[in-house]
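Structural overview for review
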Amino acid sequence: MKTELPKGYDPTQVEQKWFDVWEQRGDFHADENSPKPHYSIVIPPPNVTGVLHMGHALNNTLQDILCRWKRMSGYEVLWMPGMDHAGIATQNVVEKQLATENKDRHDLGREAFVERVWKWREESGGQIINQLKRLGASCDWQRERFTMDEGLSTAVREVFVSLYEDGLIYRDNRLINWCPRCHTALSDLEVEHEDKHGNLWHLRYPVQGTDQYLIVATTRPETMLGDTAVAVHPEDERYQGLIGKNVLLPLMDREIPIIADEYVDMAFGSGAVKITPAHDFNDFEIGKRHDLEFINVLDESGMINENGGSYVGMERNAARTKVVADLESQGLLEKVDNYTNAVGECYRCKTVIEPYMSKQWYVAVKPLAAEAIKAVDSGQTRIVPQQWEKTYYEWMNNIQDWCVSRQIWWGHRIPAWFCDDCGEITVSREDVSRCQYCDSSNLRQETDVLDTWFSSALWPFSTMGWPEQTKTLQKFYPTSCLVTGFDILFFWVARMMMMGIKFMDDVPFKEVYIHALVRDSHGQKMSKSKGNVIDPLTIVDEYGADAFRYTLCAFAAMGRDIKLSTDRIGGYRNFVNKLWNASRFALMNLENFEPAEDGLAGLSLSQADQWILNRYAFAAVEVNNALTNYKFNDAASILYSFTWHEFCDWYIELSKDNLYGDDIVTRQSTQMVLFTVLEGLLRMLHPILPFVTEEIWHALPGERETASIMQADYPTAALIETDATVVADMELVMDVIRAIRNVRGELDVPPGKRIKVVLDCKSESVVQAIMTGQEYIHSLARVDNLVVGVAVERPKQVSTQVTGEVEVLIPLADLINVVEEGARLNKEIEKIQKDVTFFEKKLSNEKFVANAPPHVLEKDRGKLVAAEKKLEILQQSLEKILALK
RNA sequence: AGGCACGUAGCUCAGUGGGAGAGCACUUCCCUGACACGGAAGGGGUCGGCGGUUCAAUCCCGCCCGUGCCUACCA
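Along each chain, residue indices are assigned from 1 in the same order as the chain's sequence is written. Each chain takes a letter, starting from A, and each ligand takes a number, starting from 1, following the order in which they are written. Given that this is a predicted model, residues contribute local features only at a pLDDT of at least 70 and side-chain atom pairs are listed and counted only at 80 or more, while totals for whole chains, interfaces and linings are drawn from all residues. Water and hydrogen atoms play no part in the side-chain values, which are based on all heavy atoms of the structure.

A word on the environment of Asp84. Within the secondary structure layout, Asp84 lies in the loop between β3 (82-83) and α3 (87-100). Each C-alpha atom, one on Asp84 and one on Lys359, is 26 Å from the other, the two residues being 275 residues apart in sequence. The contact criterion used is simple: two residues touch if any of their non-hydrogen atoms lie within 4.5 Å. Beyond its immediate sequence surroundings of up to four residues, Asp84 is in contact with Pro45, Pro46, Asn47, Val48, Phe146, Thr147, Thr452 and Ser456. Put simply, DSSP H or I for four residues or longer makes a helix, DSSP E for two residues or longer makes a strand, and each gets a number counted from the N terminus.

Structural data, given as structure tokens:
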């Protein structure tokens, strides 16, 4: 597939073309029968309702980089893709649709509603999959899974029943987090706490049998309708006489006791707390301790129920207003303070959650967590960066039982049947029609479904066919790595650890790489409901997927926040274009070139050739190191500077004379090096820049051994041994070129002007190095007359620059301004003088000389000597220049 | 309230116990036959503040200030 490269790189067509080829050819498919060592990653399944955001883009780009790198490094790579069914979110989407038809789910009934959700899923769900493909994600798309698929549902049921049989799943009636809008229970994690400005109302409760009032403070006055006690601290002297007495609850005219409990903070407010056991988590505990009445005053929608006296039927906020107004009119409102406190909200719809009494299913997670802690502690699973281990332990050690039942319809229905005759519960892998206990057929299946995260927790093995013992599981479980953001460390990672260990008897992943979160400019987490999402696809459209990927890769190391700047993306688009044009240059100079069978062996390699091959080896080693340690940004910067600053800025320029010259042997060896380095460079870059590298790679001369660059070997080492002396000589010549350019630039020598340069060298070996590279100096420094030697005759009027062992002398002649040269020298002298002073001071410190390690001392002494020499030369030059005036 | 981070060039951010880095932006010059999404040469930072450890601190420790996130039952 040879192609002529157009002048500018246009990503759009190239990206679409190659992705189609890759996917249709099955290049991403993982073979469970492969003899190669395995490398596996399961994708953090995006919501079926999801639209690609920056977080997905980062997360999946990093996974793709790892997968492509490992694939090229000889591994059989499985990147398992899929989505979760996002119970509440998806149900909300479809309910909104229904609302536009003036219907709700109850009008349809459960079965029809679920059907409707499936229909939505087929028609509009899962857009994100195609969006991931636009990024170049090399998932094994043939294996795409969905948490509501039959296989995964079987896994969910197997796990639920097993946990139940092991006594790790139970039912209990307690306070849970209730979303009055979604009409379902939520786990603790699904409640987001946000500080909100509100009020602290101070209420006066009349004490029975006295004319005293007890002042209680509350942020939720409407809950007073359900108060069943007032609590004070047992040691609070102010209230000693009141404990045991009653207050008359205003508005309800209910007598409730004054109790003593150590939970009460004497210093806060009046030191007296109203107790509403059915509507507050603390009060719930106190209620149990003191055997109080639990009066629920709300219904499922957050409306006051029949227990709320005259407030029945009022919405909770309206009730609050009315309660406060009524208390005030009765003189029972002491005062109102401004107050800020954390209010819990539903993570799906942001409705203020309600602590609500209800019977729910729980997983007793403590025993599971203990194992999951051990697995990280023992190193079976490594969390990178390690700092996150602490967060993981912190949560795991304080873990609370997990409420897994949800009062919605879209999800895995809990496989439990209640018997109307004997009251027992039958939990079963198969649907049942008769009670296990009394054989009655009067059964009703539990209507609740499971938390979506319950099925997500099984993802690493359910996607591979569990509970069947599949070859895929044998080959690819445990997975090698999990790549995710820290925001779902608890939601997902911790739970996968627990379930993996419990059901697979092995950790779900060997390593967890936790990356930063992409936030908006205010540091806010991007989310659909906040409306602050920037669409990554518009970035892809504008800059190309490769440039976008490179940016994300370069950004990946940031602590916790990533704020994307389009300037930066533009910079990497330029980088891609640079690579493209360097490749065009190569192709133009590789006409009629056929790569030699034995590669670089036997070629007479120039200074420049050896130098670039040396730098190539360095880059190859370093980029592998970086990726091994998840240092994505290091990988990006190593490859950036090798490509641009070494290959393009230097090697291509150094090679031009040889490529344009008449010496056929030199030309051919230069071509071979140019070709070989570029070809290897493309392979090095491919994991980050899959599209452009594939395109160029196929345009190179010669035959490729594999159908795609993604199947070629990833470079790991030197292509051929290079001579360290020759490489150092090249660096020396480059320094000389830089020195000449510096003088030219500083003294405004016209760029086109060819000049005379005298190089006074300290030794014959330096002369030799320079003589070998003299053509480079002629060409890159625009020199037409070069004199090199040890103690050469020095022209009278010169500009002087010093680099290492070489004095660079440029005759002033007619081209250099004496005044400017004086200024330039003064600037240079000032710099060097600082160095000299610095090292003199350092080395005259006796303690430093006595304590510093010898190699440091040696190095600094050398630096001082070099700086002193350079200073001397520059000062002499300055004197001469001044004498000319 | 506790925990975890962060504070480095104008901007966005890397980085290390031994004389401070990148990209973009900026200044000067150049449309030299791959590339102006380019080339060459420059300018720019007492690495948040104060102490401590060390021969040596931007890096380690403590405190402070500022910012962000996570966890938490102060009504």
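We now examine the packing of aromatic side chains. How two aromatic rings sit relative to each other is given by the distance of their centres and the angle of their planes. Only Phe, Tyr and Trp rings take part, Trp by its six-membered ring, and two of them pair if their centres are within 6.5 Å. Stacked means planes under 30 degrees apart, edge-to-face means over 60, and tilted covers everything else. Per the counting criterion, the structure on display carries 38 aromatic pairs. Seen in terms of ring centroids, Tyr572 and Tyr640 are 5.7 Å apart; in terms of plane orientation they differ by 85 degrees. Their pairing is edge-to-face. You can see Tyr572 sitting in helix α18 (residues 566-588) and its partner Tyr640 sitting in helix α20 (residues 632-660), a full 68 residues away along the chain. Judged by its relative accessible area of 9%, Tyr572 is buried. For Tyr640, a relative accessible area of 24% translates into the label partly exposed. Ring geometry for Phe838 versus Phe839: centroids 5.1 Å apart, planes at 90 degrees, classification edge-to-face. Three or more aromatic residues joined by ring pairs form one cluster here, namely Phe160, Tyr164, Trp361, Trp402 and Phe454. Either the NZ atom of lysine or the CZ atom of arginine qualifies as a charge over a ring when it sits within 6 Å of the ring centre and within 35 degrees of the ring normal. The cationic tip of Arg68 hangs over the ring face of Trp22; the distance from NZ or CZ to the ring centre is 4.7 Å. We note Lys70 situated over the ring of Trp69; from NZ or CZ to the ring centre the distance is 4.7 Å. Here the term buried applies to any residue with accessible area under 20% of the maximum for its type, exposed to any over 50%, and partly exposed to those in between, with areas from a 1.4 Å probe on protein chains only.

Below, the discussion takes up the sheet that holds strand β28 (residues 798-803). Any two strands are treated as partners once DSSP identifies two or more bridges connecting them. An order of β27-β26-β29-β28 is seen for the 4 strands of this open sheet, with the pairing classed as mixed. In this open sheet, the two strands that pair with only one neighbour each are β27 (783-790) and β28. Each adjacent strand pair in this sheet contributes to an overall mean axis angle of 20 degrees, direction not counted. With 7 bridges connecting them, strand β26 (residues 755-761) and β27 associate as parallel partners. The axes used here are C-alpha line fits, helices contributing only the stretch in contact, and every angle between their N-to-C directions lies in the interval 0 to 180 degrees.

We define a nonpolar core as any set of buried Ala, Val, Leu, Ile, Met, Phe, Trp, Tyr and Cys residues linked to one another through side-chain atoms lying within 4.5 Å. Ranked by internal contacts, the top residues of the largest apolar core, which has 220 residues, are Phe454, Phe647 and Ile777. Here the element with the most residues in this core is α20; it accounts for 14 residues. Leaving out residues up to four positions away in the same chain, Phe454 has contacts with Val156, Val159, Phe160, Leu163, Ile169, Val363, Trp402, Val404 and Met499. Formed by 35 residues, the second largest nonpolar core is a distinct cluster that contains Tyr239, Met252, Tyr311 and Val324.

So, about the confidence of the model for chain A. A residue's pLDDT is the predictor's confidence in that residue, given on a scale from 0 to 100. Scored by pLDDT, chain A has a mean of 92; 97% of the residues are at 70 or more. When pLDDT is averaged over each element of chain A, strand β2 (residues 76-80) comes out on top at 98 and strand β25 (residues 561-562) at the bottom at 80. Scoring the predicted complex yields pTM 0.94 and, for the interface, ipTM 0.95.

Now for the state of the cysteines. Cysteine sulfur atoms that pair up within 2.5 Å are treated as a disulfide. Tallied over the full model, the rule gives 0 disulfides. Cys139 takes part in no disulfide bond, and the closest cysteine sulfur, belonging to Cys67, lies 7.3 Å away. Here Cys179 stays free of any disulfide, with the sulfur of Cys349 as its closest cysteine sulfur at 3.5 Å.

A separate point is the pattern of salt bridges. The term salt bridge refers to a side-chain nitrogen of Lys or Arg lying within 4 Å of a carboxyl oxygen of Asp or Glu. Inspection of the entire model under this criterion finds 44 salt bridges. Salt-bridge contacts for Asp420 lead to Arg444; the nearest nitrogen and oxygen are separated by 2.9 Å. Note that Asp420 is positioned in the loop between β18 (416-419) and β19 (425-427) and Arg444 in strand β20 (residues 443-445), a separation of 24 residues in sequence. When its relative accessible area of 45% is taken as the criterion, Arg444 is described as partly exposed. For Arg794, the salt bridge is made with Asp760, and the minimal N-O distance between the two is 3.1 Å. Of the two residues, Arg794 is situated in the loop between β27 and β28 and Asp760 in strand β26; the sequence distance between them amounts to 34 residues. In this structure Asp760 comes out as buried when scored by relative accessible area, which is 10%. A single network of salt bridges, built from pairs that share partners, joins Arg220, Glu222, Glu315, Arg316, Arg320 and Glu354.

A word on the sheet that holds β18. Reading across the sheet, the 3 strands line up as β19-β18-β20 and stay open at both edges, with antiparallel pairing between neighbours. Of all the strands in the sheet, the pair left with one neighbour each is β19 and β20. In this sheet, adjacent strand axes meet at a mean angle of 30 degrees when their direction is disregarded. Alignment of β18 against β19, held across 3 bridges, turns out to be antiparallel. Counted as the bridge partner of Ala416 is Val427 from β19. Against the sheet, helix α7 (residues 150-165) touches β18, β19 and β20, its axis set at about 130 degrees to β19.

A few words now on α7. By this rule the span expected of a helix is its residue count minus one, scaled by 1.5 Å. Taking 1.5 Å of rise per residue, the 16 residues of α7 would be expected to cover 22 Å, and the 22 Å separating its terminal C-alpha atoms lies within 8% of that figure. Taken together, the buried positions of α7 are occupied by Leu152, Ala155, Val156, Glu158, Val159, Phe160, Val161, Ser162 and Leu163. Note on α7: the residue one or two positions beyond its end, Gly167, has a positive phi of about 75 degrees.

This brings us to the side chain of Ser34. Within the secondary structure layout, Ser34 lies in the loop between α1 (11-25) and β1 (38-42). Classification of Ser34 by relative accessible area gives buried; the value is 8%. Residues in contact with Ser34, not counting those within four places in the same chain, are Glu76 and Lys475.

Residue Pro385 is reached from Val384 by a cis peptide bond, and omega for that bond is -5 degrees. Relative to the helices and strands, Pro385 is located in the loop between β15 (382-384) and α11 (387-397). Cis peptide bonds are those with omega within 30 degrees of zero, and the linkage from Trp466 to Pro467 qualifies with 10 degrees. Locating Pro467 in the fold gives a position in the loop between α13 (459-462) and α14 (471-476). Phi at Asp253 is positive, roughly 50 degrees, even though this residue is not glycine. Of note, Asp253 is situated in the loop between β10 (246-249) and β11 (254-260).

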